[in-house]
Amino acid sequence: MFTSSKTIADFKTIITYGHKAASGHNTQPWFFKIDNSYIEIIPNLEKSLPIIDSDHRELYISIGCALENICISATNLGYDFNVQFTNTNSVKIYLKVAVSPKANYLFEQIELRQTNRSKYNHTLIPKSDIELLDSLILENHTNLLLIEKDSKTFNKLSQYICEGNNILFNNEKFKKELLEWIRFNKEELVEHNDGLTYETIGLPELPRDVGEAMLLNAFTPEKQNDITLQNINSSSHMALFTCLGNTTNNWINTGRNLQRFCLKCTQLGISFTYLNQPCEVPQISKDLTDTLLQKNEYPMIILRLGYSKKMPYSVRKSISEHILHD
Ligand SMILES: Cc1cc2nc3c(=O)[nH]c(=O)nc-3n(C[C@H](O)[C@H](O)[C@H](O)COP(=O)(O)O)c2cc1C
């Protein structure tokens, strides 16, 4: 099939936006392949997080985030898209020049979106914005609950988050894995171009040994629960993303919802960050389903939402390191 150099150039542009997506610990666990008629996102399982994400659930949610950015930017560049899941867990996005192209209003937010882990300013999100967030079109077999501060469900979720901290911050392997993905200074950032930049988690620039000692001292359930509860208390709402059936495709679709939701928050000036502990500890995940969800509904991602000043941005590796050639 004849493919113009413009199309290939467009496909290359589109994948640069896919690469700006959120990913667990900023592992950027994806490769992109460009074909005549499609872009393929291939999961990079070498970037998995064996302790916190042993079944690759969050890795596939991250793939879904990249997929959503690709769909949004393809639409914005004048393409119709058709998403196909493959039996090797890659995703192909078939692209055709649109007969009646339309801009995607979330496109401009892709560069501006950021995870914001700071304390928020206690301002409540207006009901009209919550309704807008709630009305975002959801993918198949997925769900979203927006939960207001001080409600019974909000307090129950806060309790599960603290129970998650109790288990995770008593787990030496979890702490070790987390420390491995923290970039404590500019040298480490330049070397890796991935991971959790010191500035995005509220740390000053430090030599690794000093930073690790400082964090290990703070990595106790008591200290983490104290910080977490202050952060929750400064927020307006929580968002609980769930899916009906624990399958790879549902995880990817959850990632699409998540990325779209975060872009919409960005447009509305709403900050967000993650409190996924209950989804990451199997027993708590089950308790959460039993008390708050339907029988076959699984908690995937929990965000807290509110308002705060912008934080520094996270980094990405060069896109060339993420392109696969035949
Ligand atoms: C599936 C998934 C899980 C995540 N879990 C957490 C988390 O538990 N805690 C956290 O602070 N950030 C979490 N994040 C946010 C990532 O760390 C963040 O996306 C990454 O560092 C890149 O930064 P950015 O979102 O500002 O571009 C998660 C993101 C995704 C997609």
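Residue indices follow the written sequence of each chain, beginning from 1 at its first position. pLDDT decides what is reported in this predicted model: residues at 70 or higher carry local features, side-chain atom pairs at 80 or more are listed and counted, and totals for whole chains, interfaces and linings draw on all residues regardless. Excluding hydrogens and water, the side-chain figures rest on all heavy atoms present in the structure.

A. Representation of the sheet that holds strand β2 (residues 38-43) in the model. Strand pairing is defined by DSSP finding a minimum of two bridges between the two strands. To qualify as a helix, a DSSP run of H or I must reach at least 4 residues; to qualify as a strand, a run of E must reach at least 2; elements of each kind are numbered from the N terminus. If you trace the five strands from one edge of the open sheet to the other, you get β3-β4-β2-β1-β11, paired in mixed fashion. In this open sheet, the two edge strands, each paired with only one partner strand, are β3 (79-85) and β11 (323-324). Bridge count for strand β1 (residues 30-34) against β11 is two bridges, and the pairing is parallel. Within β11, the position partnered with K33 by the bridge is L324. Should any heavy atoms of two residues lie within 4.5 Å, those residues are considered in contact. Interaxial angle, 0 to 180 degrees, is taken between N-to-C directions of lines fitted to C-alpha atoms, where a helix line uses only the stretch in contact. Taken strand by strand, helix α1 (residues 5-18) contacts β1, β2, β3, β4 (91-97) and β11, and its axis lies near 170 degrees from that of β1.

B. How the structure looks around the side chain of Q114. For Q114, the position within the fold is in the loop between β4 and α3 (127-134). Exposed residues in this analysis have more than 50% of their type's maximum accessible area, buried residues have under 20%, and partly exposed residues fall in between, with area computed by a 1.4 Å probe over protein chains only. The buried category is assigned to Q114, whose relative accessible area is 8%. Not counting residues within four places of it along the chain, the set of residues in contact with Q114 comprises F272, K310, M311, P312 and Y313.

C. Representation of unusual backbone geometry within the structure. A positive phi angle, close to 55 degrees, is found at H25, a residue other than glycine. Looking at the secondary structure, you find H25 in the loop between α1 and β1. We note that H122 has phi near 70 degrees; this positive angle belongs to a residue other than glycine.

D. Inspection of the pairing of β3 at higher detail. Here β3 runs beside β4; their pairing, made up of seven bridges, is antiparallel. Opposite V83, over in β4, you have I93 as the bridge partner. Connecting the antiparallel pair β3 and β4 is a turn made up of five residues, with N89 showing a positive phi of about 70 degrees.

E. Highlighting the site of the ligand. In the vicinity of the ligand there are 19 residues, among which R113, T115, R117, N276 and R316 approach most closely. One of the side-chain nitrogen or oxygen atoms of T115 is found 2.6 Å away from an oxygen atom of the ligand. What qualifies as a polar contact is a pair of N or O atoms within 3.5 Å, subject to a donor-acceptor requirement within protein and to the restriction that residues adjacent in sequence count only when both atoms come from side chains. Side-chain polar atom of R316 to an oxygen atom of the ligand: 2.8 Å apart, as the coordinates give it. Per-residue accessibility takes into account occlusion by the displayed protein chains alone, with areas from the Shrake-Rupley method and a 1.4 Å probe. Protein contact buries 90% of the 620 Å² of open area that the ligand shows by itself. Of the residues forming the shell around the ligand, the biggest block, three residues, is contributed by helix α2 (residues 57-76). Residue classes in the shell around the ligand are distributed as five nonpolar, nine polar and five charged. Residue proximity to a molecule or strand is established when one non-hydrogen atom of the residue lies within 4 Å of it. For this classification, Asp, Glu, Lys and Arg are treated as charged, while Ala, Val, Leu, Ile, Met, Phe, Trp, Tyr, Cys and Pro are nonpolar and the rest, including Gly, are polar.

F. Region of the structure containing the domain arrangement of the protein. Looking at the assigned domains, one finds that the protein contains domain 1 (5-113) and domain 2 (127-306). Taken together, the contact between domain 1 and domain 2 spans 35 residues of the former and 37 residues of the latter. In this assembly, domain 1 packs against domain 2 so that about 3,000 Å² is buried in total across both faces, 64% of it on carbon and sulfur atoms. When a carboxyl oxygen of Asp or Glu lies within 4 Å of a side-chain nitrogen of Lys or Arg, that pair is called a salt bridge. Seen at the junction of domain 1 and domain 2, the total is two salt bridges. Here E68 ties to R256 by a salt bridge, and the two come within 2.8 Å at their closest N and O atoms. Taken together, the connections running from domain 1 to domain 2 amount to nine residue pairs in polar contact (both at pLDDT 80 or more). Elements supplying a minimum of two residues to the side of domain 1 that touches domain 2: α2 and β3. The dominant element in the side of domain 1 that touches domain 2, judged by the number of residues it contributes, is α2, at eleven residues. Boundaries of every domain are those given by an automatic assignment or by a domain database. Summed over both partners, the accessible surface that disappears when two parts come together, traced with a 1.4 Å probe, is what is meant by buried area.

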